[in-house]
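Geometric and topological summary
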Amino acid sequence: FFPEKFYSLLETRIKKELGKAGEERLYSIGKRFGYRYAMISRYGKISTLKEKGLEDFMYMFTRYIEVVYAKKLEHKITFDKKMLELTADSYAGCETNGLGYILLIGAWTGVWSFIMDDTKVDGIQTTCQGRGDEKCKLICAPQKELKLLKKEIFSEPDMSDLEENYPRYEVLNKVYPSANKNLSLKSLIEANVFKYEKGKL
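For side chains bearing opposite charge, pairing can occur when the charged atoms are close. Inspection of the entire model under this criterion finds 12 salt bridges. A salt bridge links Arg 63 to Glu 66, with the nearest nitrogen and oxygen atoms 3.1 Å apart. A residue pair is termed a helical-turn pair when its members lie 3 or 4 positions apart in one helix, as Arg 63 and Glu 66 do in helix H3 (residues 46-69) at 3 residues. Across the pair, exposure class does not vary: Arg 63 and Glu 66 are buried alike. The shortest N-O distance in the salt bridge between Lys 186 and Glu 190 comes to 3.7 Å. You can see Lys 186 and its partner Glu 190 sitting in helix H8 (residues 185-190), 4 residues apart, about one turn around the helix. A relative accessible area of 57% means that Glu 190 is categorised as exposed. A cluster of three or more residues bridged by salt bridges with shared partners is formed by Lys 20, Glu 23 and Glu 152.

Structure (structure tokens):
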């Protein structure tokens, strides 16, 4: 529920005061947040979802994040490399400060790391609207794949001490039977109750 400006100012100030160490800390916070979010949301992992299930899940997950945080999001998965490529237009925070460590780079890397069941999956942003590029591009993959891009890589393999059971989250996000019909968001869009177009719901 924090406004976009909060993240933008927080990242800018931490980078200004702590330099590279601050950027590493922000990345770590974002990745651990994303990993924990996937954990307490009980997202599936590659071992159980398999490729088709993972493609379907990531399509819907990307649409969900697109509606909340961006104007447009596109993703591509390369399974044999455990690689996720994300292209974003007007992603919250990143487009204003050119950093995007918490909500874009870190959070997506954490979620992908959890799904790939590999804490050594990290992420780098190769282009950024906040730094003058046409779009933001994020690549999440194991370090050996990222090193081929010859760009600076932050690493955060430690996902210990993250609560798997979080009672307050469970209560706030509990599924309750609806009063009328138990329709999914997808079925409500198909029935024209909601309209989804170009990242807007």
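A word on the packing of helix H1 (residues 4-18) against helix H2 (residues 20-40). Relative orientation of the contacting elements H1 and H2 amounts to 140 degrees, with a least axis distance of 6 Å. Comparing the axis directions of H1 and H2 gives the class oblique. Within the contact between the two elements, H1 uses Glu 11, Ile 14, Lys 15 and Leu 18 and H2 uses Lys 20, Ala 21, Gly 22, Glu 23 and Leu 26. Counted by class, the contact of H1 with H2 contains 4 nonpolar, 1 polar and 4 charged residues.

Turning our attention to the layout of surface pockets. For the largest pocket, the calculated volume is near 990 Å³. Lining the largest pocket we find 29 residues, and of these Phe 1, Tyr 7, Phe 33, Tyr 37 and Tyr 69 sit closest to its centre. Among the secondary structure elements, those contributing two or more residues to the lining of the largest pocket are H1, H2, H3, helix H5 (101-115) and helix H7 (167-172). Per element, the largest residue contribution to the lining of the largest pocket is 7 residues, and it comes from H2.

Looking now at the sheet that holds strand S2 (residues 83-89). Within the open sheet, the 4 strands sit side by side as S1-S2-S4-S3. Their pairing is antiparallel. Both edges of this open sheet fall to strand S1 (72-78) and strand S3 (121-127), since each of them pairs with a single strand only. Averaged over all neighbouring strand pairs, the angle between strand axes comes to 15 degrees, with direction disregarded. For S3 and strand S4 (residues 136-142), the ladder comprises 6 bridges, and the chain directions are antiparallel. Paired with Ile 124 across the bridge in S4 is Ile 139.

Thresholds applied
- Residues numbered from 1 in each chain as written.
- Predicted model: local features only at pLDDT ≥ 70, side-chain atom pairs only at ≥ 80, totals over all residues.
- Heavy atoms only, no water.
- Salt bridge = Lys/Arg side-chain N within 4 Å of Asp/Glu carboxyl O.
- Helix = DSSP H or I, 4+ residues; strand = E, 2+ residues; numbered from the N terminus.
- Buried < 20%, exposed > 50% of the residue type's maximum accessible area, 1.4 Å probe, protein only.
- Axes fitted to C-alpha atoms, helices over the stretch in contact; angles between N-to-C directions.
- Parallel < 35°, antiparallel > 145°, perpendicular 65-115°, else oblique.
- Contact = heavy atoms within 4.5 Å.
- Nonpolar A, V, L, I, M, F, W, Y, C, P; charged D, E, K, R; others polar.
- 1 Å grid on protein atoms, 1.4 Å probe; cavity = no way out; pocket = protein on both sides within 12 Å on 5 of 7 lines; lining within 4 Å.
- Points joined across faces, edges and corners; volume = space filled by probe spheres on them.
- Pairing = 2+ DSSP bridges.

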